[in-house]
Amino acid sequence: MPEQRTALKNVLVTGGAGYIGSHVIYALQKTRRYKVISIDNNHNSLPAALDRVSRLSKSELPEDATELDIASTVIDSHKCDLTQPAQIKSVFEKYGKGGIWGVIHIAAYKAVGESTEVPLTYYANNVGATISLLQIMSDYDCHRIVYSSSATVYGTPPIIPIPETTRLQADSPYGKTKVMAETIIDDLCHADQRWRAISLRYFNPAGAHPSGLIGEDPRGRPGNLLPLLAHMAVGRVKDATLRVFGNDYPTPDGTCVRDYLHIMDLASGHLLALDALASDSKVFDGLDAHFKAYNLGKGKGMSVLQIVEAMRKATGFNYKYEIIGRRRGDVPDLTADPSLAEKELGFKASQDLETMCRDLWNWQTKNPLGYGDI
Ligand SMILES: O=c1ccn([C@@H]2O[C@H](COP(=O)(O)OP(=O)(O)O[C@H]3O[C@H](CO)[C@H](O)[C@H](O)[C@H]3O)[C@@H](O)[C@H]2O)c(=O)[nH]1
């Protein structure tokens, strides 16, 4: 017998219009179990992304969709800033005490280099705003949170693949904001047993939904490797020579190794984490506090040159590159040990590199100017 649903669970996603947020919202809607509330300040995103997500979800509804199914494709979207507590409070006020079942907190600034130049902006936006959010959640009897963390919390890890037990020692202000926010959430869970929290340490998500309707849309010249390669192939960057940051690392071809995973796999990890916050879940059994951190990666490292080759195959574009010096803050290898997330959450990043590059290219060719194209 299929589960009889009488209501949708209200889930708030911060940073909902961003690259990760939009794919997570799509994954939530696909289950038809949630009513999504999105908040975003559109600092690095456009509201068009949410329109596309809703369109996609509606197009996938079965013919015999119920009213609840249809309601699950509607996003209650709010343009507001997490550094402005009054704005966040008004969203919680709309749903009342206990009205929001859980929060997926994705919104953050994420440029490692920039964080070294304007650390206060990063601490205010990534740490200060997280504290206000947690306080407001508490005031409104919402004690479940999935937090977006990053592999960057490990700094230069002593063991590869990296288990979650590795000491946290981020190098950049950005990375430190992630360590601090995790610590704050962990402390809160120790102080109050009503809290249940899962921190997801993302490795390198890339790709797009296979429809090409939603994808990553960075402003200006992309700083990250895969979106940059996609922009180069589509003719969107003027200087079409890739600068490879160093080939003297202790890795097989000398270039940095990262653990790239498909954005749809990453999004599915959020659903599993959300399910694990339910009271009948076993993931917190035996712990002093209901806090757990998981790596979301494939457990397979790829070098910069391997990625360039995979994108050449996907796009047919003949990439030119030059090797320049190392980029400040880069570490030789960040490859996840994903076994804990697999064992406890049932998470597996199963999509391969070829699919990831194909889906990225599909999105980029259908939207050469990103969401600015519509
Ligand atoms: O023009 C470029 C861009 C990148 N790279 C290389 O490509 C690899 C991947 O770089 P990205 O910038 O795509 O990704 P990072 O691993 O540096 O950073 C990502 O992972 C981090 C965690 O490790 C943070 O979460 C960060 O926000 C996220 O973008 C690195 O070795 C980098 O040196 C180049 O050689 N040339």
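All values derive from a computational prediction rather than experimental measurement.

Asks: Any chance you could explain the confidence of the model for the protein here in plain terms?
Replies: Low pLDDT marks regions whose predicted coordinates should not be analysed in detail. Across the protein, the average pLDDT comes to 96, with 98% of residues at 70 or higher. The complex prediction reports pTM at 0.97, with the ipTM value standing at 0.96.

Asks: Which parts of the structure should I look at to understand the nonpolar core?
Replies: Buried together is how nonpolar side chains tend to be arranged in soluble globular proteins. Counting 102 residues, the largest nonpolar core has Val24, Leu296 and Leu360 as the members making the most contacts within it. Aside from chain neighbours lying at most four places away, what touches Leu360 is Ala206, Gly207, Ala208, Leu226 and Ala230.

Asks: Is there a simple way to think about the sheet that holds strand S12 (residues 302-303) in this case?
Replies: In sheet architecture, strand pairing relies on hydrogen bonds along the backbone and comes in two forms, parallel and antiparallel. Taken in spatial order, the 3 strands make up an open sheet running S12-S9-S14, and their pairing is mixed. The open sheet has two edge strands with one neighbour each: S12 and strand S14 (333-334). Note: strand S9 (residues 257-258) against S12, 2 bridges, orientation antiparallel. By the bridge assignment for S12, Val257 is matched with Ser303.

Asks: Hey, could you run me through the pairing of strand S6 (residues 196-202) in this one?
Replies: It is a general feature of regular strands that their side chains alternate between the two faces of the sheet. Among the 7 residues in S6, 7 count as buried, and that is most of the element. Side chains Arg196, Ile198, Leu200 and Tyr202 project from S6 onto one buried face, and the interleaved Ala197, Ser199 and Arg201 project onto a second face that is buried too. By the bridge criterion, 7 bridges tie strand S5 (residues 144-150) to S6 in an arrangement that is parallel. Bridge pairing links Val146 to Ile198 in S6.

Asks: Honestly, the UniProt feature "domain: NAD(P)-binding" (unreviewed entry) in the protein in this entry has me stumped. Any pointers?
Replies: As recorded in UniProt, the feature "domain: NAD(P)-binding" (unreviewed entry) lies at residues 12-359. Split by type, residues 12-359 is 39% helix and 17% strand. Its first and last C-alpha atoms lie 27 Å apart.

Asks: Honestly, the site of the ligand in this entry has me stumped. Any pointers?
Replies: Around the ligand, a shell composed of 20 residues is seen, among which Thr152, Asn224, Leu225, Phe245 and Cys256 lie nearest. Those elements that provide at least two residues to the shell around the ligand are helix H8 (225-233) and strand S8 (241-245). Considering each element in turn, the shell around the ligand owes the most residues, 4 residues, to S8. Residues of the shell around the ligand, tallied by class, amount to 10 nonpolar, 5 polar and 5 charged.

Asks: Teacher, can you tell me more about the packing of helix H4 (residues 85-95) against helix H6 (residues 119-139) here?
Replies: It is the contact of H4 with H6, at a shortest axis distance of 10 Å, that shows an interaxial angle of 30 degrees. Taken together, the axis directions place H4 and H6 in an arrangement best described as roughly parallel. Where H4 crosses over H6, the handedness of that crossing is right-handed. Contacts between H4 and H6 involve Pro85, Ile88, Lys89 and Phe92 from the former and Ser132, Leu133 and Ile136 from the latter. Each residue belonging to the contact of H4 with H6 can be placed in one class, and the counts come to 5 nonpolar, 1 polar and 1 charged.

Asks: How do you make sense of the packing of H8 against helix H10 (residues 304-315) when you look at a structure like this?
Replies: Helix-helix packing is characterised by the crossing angle of the two axes and by the distance between the axes. In the contact formed by H8 and H10, the axes pass within 11 Å of each other and the chain directions differ by 35 degrees. Crossing of H8 over H10 shows right-handed handedness. Taken together, the residues of H10 that come into contact with H8 (itself represented by Leu225, Leu226, Leu229 and Ala233) are Val304, Ile307, Val308, Met311 and Thr315.

Asks: For this particular structure, what's the right way to read H8?
Replies: Spacing of three or four residues puts side chains on the same side of an α-helix, whose turn is 3.6 residues. The buried fraction of H8 amounts to 7 of the 9 residues, a majority that puts the element mostly inside the structure. The elements touched by buried residues of H8 are strand S7 (204-206), S8, H10 and helix H12 (353-366). Gly235 lies just past H8 and shows a positive phi near 85 degrees.

Asks: For this particular structure, what's the right way to read the sheet that holds S5?
Replies: Read across the sheet, 7 strands follow the order S3-S2-S1-S4-S5-S6-S11 without closing on themselves; strand pairing throughout is parallel. For this open sheet the edge positions go to strand S3 (76-79) and strand S11 (291-296), each flanked by a neighbour on one side alone. The average undirected angle you get between the axes of adjacent strands in this sheet is 20 degrees. On top of the sheet, helix H7 (residues 173-191) reaches S5, S6 and S11; it is set at about 155 degrees to S5, its chief contact.

Asks: Help me out: how do you make sense of the environment of Ala49 in this one?
Replies: Along the chain, the position of Ala49 falls in helix H2 (residues 48-59). Residues Ala49 and Ser22 lie 27 residues apart in sequence; the distance between their C-alpha atoms is 6.5 Å. In contact with Ala49, other than residues within four places in its own chain, are Ala17, Ser22, Ile214 and Tyr371.

About the thresholds
Sequence order sets the numbering: in each chain, residues are counted from 1 along the sequence as written. Given that this is a predicted model, residues contribute local features only at a pLDDT of at least 70 and side-chain atom pairs are listed and counted only at 80 or more, while totals for whole chains, interfaces and linings are drawn from all residues. The quantity known as pLDDT measures the predictor's confidence residue by residue, on a range of 0 to 100. Connectivity within a nonpolar core runs through C-beta atoms within 7 Å, and the core itself is a set of buried Ala, Val, Leu, Ile, Met, Phe, Trp, Tyr and Cys residues. Burial is judged by counting the other C-beta atoms within 10 Å of a residue's own C-beta: 20 or more makes it buried, 12 or fewer makes it exposed, and any count in between marks it as partly exposed, with every C-beta position built from the backbone. Contact definition: two residues whose C-beta atoms, as placed from backbone geometry, lie within 7 Å. DSSP-based pairing: two strands are paired if at least 2 bridges between them are found. To qualify as a helix, a DSSP run of H or I must reach at least 4 residues; to qualify as a strand, a run of E must reach at least 2; elements of each kind are numbered from the N terminus. UniProt positions are given in the numbering used here, feature names are shortened, and annotations may be inferred rather than shown by experiment. The criterion for a residue being near a molecule or strand is simple: its C-beta atom, placed using the backbone, must lie within 6 Å of it. Nonpolar residues are Ala, Val, Leu, Ile, Met, Phe, Trp, Tyr, Cys and Pro. Charged residues are Asp, Glu, Lys and Arg, and all others, Gly as well, are polar. Geometry is summarised by axes, namely lines fitted to C-alpha atoms with helices restricted to the contacting stretch, and by angles between N-to-C directions that run from 0 to 180 degrees. Angle categories are assigned with fixed cut-offs, so that under 35 degrees is roughly parallel, over 145 is roughly antiparallel, 65 to 115 is roughly perpendicular, and the rest are oblique. It is the rotation of the near helix from the far one that decides the hand of a crossing: anticlockwise by less than a right angle makes it left-handed, clockwise makes it right-handed.

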